[in-house]
Amino acid sequence: MTDTDGPDPEADQPPPGDDHAFLGHPRGLATLSGLEVWERFSFLGMQAILVLYFADTVANGGLGMDPGSAASVAAAYGTMVYLVSVAGGWLADRILGSYRAVLYGGVLIACGHYAMAVPTAAMTWVGLGLISAGTGLLKPNVASMVGKLYRTDDERRDAGFALYYMGINIGAFAGPLITAWLGERQGWHWGFSAAAIGMTAGLVQYVLGRRHLAGRKHSAEYALAPDAMRAAIRKIVGGCLAFAVIATLLAAIGWLTMARFVDVLTLVSVIAPIVYFAVMFRSPRVTAEERGRLRPYVVLFLASVAFNFILFQAYSTMMLLASTNARTTILGFDFPAGWYASALGAFEVALAPVVAALWVRMGRRQPHASNKIAIGVILGGLSFLLMVIPTSGHADETYKMAAWWIVGSYLLLGLGDVLLETSGMSATTKLAPKAYASQTMALWFLSLALANGIQAQVVKLYDQVSHPVYFGVNGAIAVAAGLVVVALAPWLRRTMHPVH
């Protein structure tokens, strides 16, 4: 066969001996899970200290922001990551292909962390921009590569994804342990350096293990025609350059401040899902039956926003609270405040198999997917309501609560995350119209972007109101949102077929 005959599908598959080489699963699962361990190690390790770095004094190597502004900018960064992830899925489908999208994304992430290791404010913003772009390329495409390792009817598929998500949570647990220790003891940029080294390690093992991955040689799965691809690339490059020039000019004349940039991102995070849903509801390619399934999905989408609004504050307001008002000593051992973030990953690693085993044991008696999501949202709200108790009744803000209050809050939050994320992702793939099947991840990422966009505005109140009021009101709203989903359960069960 000549090169002009097209790619050989057999040459683009893992070696035959790979199929059961990793705990009874394809060897490529180890490569992709290893990449996610290190990507989450770097991403969440950096995020655990990012808001503390923003809020620390300039004399101590921080940026000197007030707590509310620090949390708002950190949330805006999360908004940008998930908005770019929508474009990342399209780029992989149409131009780059999954393997190259993940590789290029990982390189950008590593470069971003190395930039943040340089102790200047300018390099911090350059680094965050690179990490946002890289994560947007990498995050939506790794999961699709895991799916390519299995046939659709392979009974190991769900178990393989469970192992993959366990790798994610291992990285979420380990990252803050290292970055927070270095960041709070040696200097913030030492913590960012550890994140850079972690991402580099993930890239090295990804490239070394590439022969075990399916689809590694193919270009985009739904590639544009050559002329259309060249035109798209020109538009993308031109758009990025124009955006950079306009943003630079607006910043130079003093109009584009950090506060306004945060507000713009929030506005985009609100508009994007509205436009996305409007397009799907009006599309002639969406049948009446599929349109009927989209209506209950809007409810689940909003439930995801309510929960993730609380979840993402585990790395912003909860970190700020832990650094100022929580004890950081257990049995005589003094630990960095950033270590609290590791508790969330630890609980998810421990609870995920327990919950999975419970659903298997219950079989058809297990709750409907909508009820699982509702319970997750309620648990998220309760995690904030719990914080009302230790933050109440103090004469001033110098009090110190026991470590177990924050650990208990993260326990509720971790259990809620396990319940909601797995059921939500499954419902997304089943309820999305067939014409938009390849873009189902975009829908999910838009809910995460919107949650961060709302958070970027609400956290500005963190140091404007008392802690009991802040955590109490936000927690109560989340619980109320979960109860609304419970109340809608009969309608959701009728309209969410084939989701059970």
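Keep in mind that what you see is a predicted model, and the values were worked out from it rather than measured.

The number of helices and strands found in the protein is 17 helices and 2 strands. Within the protein, the proportion of its 500 residues that are buried is 50%.

The next point concerns the confidence of the model for the protein. Mean pLDDT over the protein: 85, with 89% of residues reaching 70 or higher. Note that residues 1–11 has pLDDT below 50 and, in this model, 4 contacts with residues that lie over four places away or in other chains.

Moving on to the pattern of salt bridges. Two side chains carrying opposite charge are able to pair once their charged atoms lie near each other. Tallied over the full model, the rule gives 6 salt bridges. Here Asp227 and Arg230 are joined by a salt bridge, their closest N and O atoms 2.3 Å apart. With Asp227 and Arg230 both in helix α7 (residues 226–252) and 3 residues apart, this pair spans about one turn of that helix. Its relative accessible area of 45% is what places Arg230 among the partly exposed residues. Its salt-bridge partner being Lys460, residue Asp263 comes within 3.1 Å of it at the nearest N-O pair. Here Asp263 is found in helix α8 (residues 258–282), whereas its partner Lys460 is found in the loop between α15 (440–458) and α16 (467–487), with 197 residues between them in sequence.

With that settled, the discussion passes to the packing of aromatic side chains. According to the stated counting rule, one finds 19 aromatic pairs in the structure shown. Considering the side-chain rings of Tyr53 and Phe192, the 5.3 Å spacing of their centres and the 85° angle between planes classify their relative orientation as edge-to-face. Remark: Phe192 occurs in helix α6 (residues 188–208) and Tyr53 occurs in helix α1 (residues 27–55); sequence separation between them is 139 residues. Phe192 matches Tyr53 in its accessibility class, with the two residues each being buried. Ring plane angle 90° and centroid distance 5.6 Å describe the contact between Tyr462 and Tyr470, whose orientation is recorded as edge-to-face. Across the pair, Tyr470 and Tyr462 agree in class, each one buried. Through a chain of ring-to-ring contacts, three or more aromatic side chains come together here, namely Trp181, Phe333, Phe335, Trp339 and Tyr340. A cation sits over an aromatic face here: Arg185 above Trp181, 4.4 Å from the ring centre.

Take the layout of surface pockets next. A volume near 1,700 Å³ is recorded for the second largest pocket. Taken together, 42 residues form the lining of the second largest pocket, with Met80, Val84, Gly129, Phe243 and Phe261 sitting closest to its centre. For the lining of the second largest pocket, the element with the most residues is α7, which contributes 12 residues. In the lining of the second largest pocket, the residues fall into 36 nonpolar, 6 polar and no charged.

Let us look at the side chain of Ser72. Mapped onto the elements of the fold, Ser72 is located in helix α2 (residues 67–96). Separated by 2.5 Å, the side chain of Ser72 and the backbone oxygen of Ala456 make a polar contact. Setting aside anything within four residues of it in sequence, one finds Ser72 in contact with Val262, Ala456, Val459 and Lys460.

If you look at the biggest cluster of nonpolar residues, it comprises 96 residues, and the most contacted ones within it are Met46, Leu50, Phe54, Tyr340, Ile406 and Tyr410. When residues of this core are assigned to their parent elements, the largest contribution, 12 residues, is made by helix α9 (residues 288–311). Those residues in contact with Met46 that sit more than four places away from it in its chain are Phe41, Tyr77, His113, Met116, Leu128, Ile131, Thr179, Phe192 and Ala195.

Here α1 crosses α2 at 150°, and the two axes come no closer than 8 Å. Here α1 runs over α2; the crossing is right-handed. On α2, the residues touching Phe43, Met46, Leu50, Val51, Phe54 and Ala55 of α1 are Ala70, Ala71, Val73, Ala74, Tyr77 and Val81. Residues that form the contact of α1 with α2 fall into these classes: 12 nonpolar, no polar and no charged.

Our focus in this paragraph is the environment of Ala121. Mapped onto the elements, Ala121 comes out in helix α4 (residues 121–148). On the basis of relative accessibility, which here comes to 37%, the residue Ala121 falls in the partly exposed class. Taking the C-alpha atoms as reference points, Ala121 and Phe54, 67 residues apart in sequence, are found 9.9 Å from one another.

Two quantities define a packed helix pair, namely the angle between the axes and the distance from one axis to the other. At a minimum axis distance of 13 Å, the contact between helix α10 (residues 317–325) and α16 shows a crossing angle of 150°. On the basis of the axis angle, α10 is roughly antiparallel to α16. Every pair of crossing elements has a handedness; the one defined by α10 and α16 is left-handed. Side by side, α10 and α16 meet where Thr317, Met318, Leu321 and Asn325 of the first sit next to His467, Tyr470 and Phe471 of the second. For the contact of α10 with α16, the residue count by class is 4 nonpolar, 3 polar and no charged.

A surface patch of nonpolar side chains, about 510 Å² in accessible area, is lined by Leu267, Val270, Ile271, Ile274, Val275 and Val279. Structurally, the position occupied by Val270 is in helix α8. Taking the relative accessible area as the measure of exposure, Val270 reaches 33% and is therefore partly exposed.

What counts, and where the lines are drawn
- Chains are numbered independently. Their residues run from 1 in the order of the written sequence.
- In keeping with the predicted nature of the model, local features appear solely for residues at pLDDT of at least 70, side-chain atom pairs appear and are counted solely at 80 or more, and the whole-chain, interface and lining totals rest on all residues.
- Side-chain numbers here rest on the full set of heavy atoms in the structure, without hydrogens or water.
- A run of H or I in DSSP counts as a helix once it spans at least four residues, and a run of E counts as a strand once it spans at least two, with each numbered from the N terminus.
- Burial classes: relative accessible area under 20% of the type maximum marks a residue as buried, over 50% as exposed, and values in between as partly exposed (1.4 Å probe, protein chains only).
- pLDDT is a per-residue confidence score from the predictor, ranging from 0 to 100.
- Throughout, a residue-residue contact means that at least one pair of heavy atoms, one from each residue, lies within 4.5 Å.
- Criterion for a salt bridge: a side-chain nitrogen of Lys or Arg within 4 Å of a carboxyl oxygen of Asp or Glu.
- Pairing of aromatic rings covers Phe, Tyr and the six-membered ring of Trp, with a centre-to-centre limit of 6.5 Å; geometry is then stacked below 30 degrees between planes, edge-to-face above 60, and tilted otherwise.
- When the NZ atom of lysine or the CZ atom of arginine is within 6 Å of a ring's centre and also within 35 degrees of its normal, the charge is said to sit over that ring.
- Whether a set of points on the 1 Å grid over the protein atoms alone is a cavity depends on a 1.4 Å probe fitting there but being unable to get out, while an open set qualifies as a pocket with protein on both sides within 12 Å along at least five of seven lines; lining residues are those with an atom within 4 Å of a point.
- Grid points are joined across faces, edges and corners, and a volume is the space filled by probe spheres set on the points.
- The nonpolar class holds Ala, Val, Leu, Ile, Met, Phe, Trp, Tyr, Cys and Pro. Asp, Glu, Lys and Arg form the charged class, and all remaining residues, Gly among them, are polar.
- Pairing of N or O atoms within 3.5 Å defines a polar contact, subject to two protein rules: one partner must be a possible hydrogen donor and the other a possible acceptor, and residues neighboring in sequence count only if both atoms are side-chain atoms.
- What makes a nonpolar core is a set of buried Ala, Val, Leu, Ile, Met, Phe, Trp, Tyr and Cys residues whose side-chain atoms join them at distances within 4.5 Å.
- Under this scheme, a helix contributes an axis fitted over its contacting stretch, all axes are lines through C-alpha atoms, and angles between N-to-C directions fall in the 0 to 180 degree range.
- Whether a crossing is left-handed or right-handed is set by the direction in which the near helix is turned from the far one by less than a right angle, anticlockwise for left-handed and clockwise for right-handed.
- Every angle not falling under 35 degrees, over 145, or within 65 to 115 is termed oblique; those three ranges are roughly parallel, roughly antiparallel and roughly perpendicular.
- Patch members must show over 30% relative accessible area and no salt bridge, and they are joined within 9 Å when carrying like charges or within 5 Å when they are nonpolar side chains of Val, Leu, Ile, Met, Phe, Trp or Tyr.
- Calculation of accessible area relied on Shrake-Rupley with a 1.4 Å probe; when residues are assessed, cover is drawn exclusively from the protein chains displayed.

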